[in-house]
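Descriptive analysis of the structure
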Amino acid sequence: EPEVTQTPSHQVTQMGQEVILRCVPISNHLYFYWYRQILGQKVEFLVSFYNNEISEKSEIFDDQFSVERPDGSNFTLKIRSTKLEDSAMYFCASSDRTNQPQHFGDGTRLSIL
Amino acid sequence: ILNVEQSPQSLHVQEGDSTNFTCSFPSSNFYALHWYRWETAKSPEALFVMTLNGDEKKKGRISATLNTKEGYSYLYIKGSQPEDSATYLCAFRVRSNYKLTFGKGTLLTVNP
């Protein structure tokens, strides 16, 4: 069964550095999403992306964050000037239509030191 | 602010027991309710997407019901098995946007 893949599985970065989290969504999907889960808290929405542009973003998704689909397969989340509070599990998801399930990757655990 | 609540927070049952848990969500502007099964160190696995009031969905021993007027959904597991042990997440979507708003989940442990 096709799946969403995320790399790396774990990223450790010094505070203030930039990180890029990578995702390969399911190939025929058109809608892409990033979520995160801070330890002990709910999974929270960051951003959705459709037709090469952001379709919706949360209040968390400020100028520190950006997303890109640089080619036909990858979907990336860039976090600039990382802060301690950015430490979380980041999940990528994709769906073929908005009323279909969002399929999640295994996540990238981001640790900011 | 949309709030999705799940209860109980955790549940321990014996193999063979049937169990159920609840997801509560705002009843206004409803679009869809998603259920996910999430095992540790794996990705959340989609179980159901429910859209219509009175919807009932079934996948093997797992089933779910939906009441959009009062804002709740129940997930039932019949004859629980140890491999059913996981966190069960529900997520709510309103009509006007794409995002899923998640509950905190119910952690189910099935003892052999």
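Located above this text is the structure these notes cover.
Let me sum up the structure you'll find in this document. (Residues numbered from 1 in each chain as written. Chains lettered and ligands numbered in written order. Predicted model: local features only at pLDDT ≥ 70, side-chain atom pairs only at ≥ 80, totals over all residues. Heavy atoms only, no water.)

**Quick notes on the layout of surface pockets**
To keep things clear, this is the line we draw: Lining residues are defined by having an atom within 4 Å of a point belonging to a cavity or pocket. Those points lie on a 1 Å grid over the protein atoms alone, cavities being sets where a 1.4 Å probe fits but cannot get out and pockets being open sets with protein on both sides within 12 Å along at least five of seven lines. Grid points are joined across faces, edges and corners, and a volume is the space filled by probe spheres set on the points. Charged means Asp, Glu, Lys or Arg here, nonpolar means Ala, Val, Leu, Ile, Met, Phe, Trp, Tyr, Cys or Pro, and polar covers whatever is left, Gly included.
Looking at the largest pocket, its volume works out to about 570 Å³. The residue makeup of the lining of the largest pocket, split by class, is 11 nonpolar, 11 polar and five charged.

**Some details on the sheet that holds strand 6 (residues 56–59) of chain B**
Residue and element names in this part refer to chain B. The cut-off we apply is this: Two strands form a pair only when DSSP identifies at least two bridges running between them. A run of H or I in DSSP becomes a helix once it reaches four residues, and a run of E becomes a strand once it reaches two; helices and strands are each numbered from the N terminus. Lines fitted to the C-alpha atoms define the axes, with helices restricted to the stretch that makes contact. Angles between their N-to-C directions range from 0 to 180 degrees.
Overall, antiparallel pairing links the five strands, which are arranged 1-3-8-7-6 in an open sheet. Single-partner strands in this sheet number two, and they are strand 1 (5–7) and strand 6. Here the average twist between neighbouring strands, direction ignored, is 15°. Sheet topology note: the strand 1/strand 3 (residues 19–24) ladder contains three bridges and is antiparallel. Bridge pairing in strand 3 links Gln6 to Cys23.

**Some remarks on the interface of chain A and chain B**
Rules: A contact between two residues is defined here by any heavy atoms of the two lying within 4.5 Å. A quick way to say it: buried area is the sum, across both parts, of accessible area lost when two parts are put together, with a 1.4 Å probe.
Taken together, the contact pairs 21 residues of chain A with 20 residues of chain B. Counting the surface chain A buries against chain B, the share from its top three residues, Lys42, Glu56 and Phe104 of chain A, is 30%. Those elements that place two or more of their residues in the side of chain A that touches chain B are strand 4 (31–37), strand 5 (43–50) and strand 6 (53–57) of chain A. Per-element tally for the side of chain A that touches chain B: the top contributor is strand 4 of chain A, with four residues.

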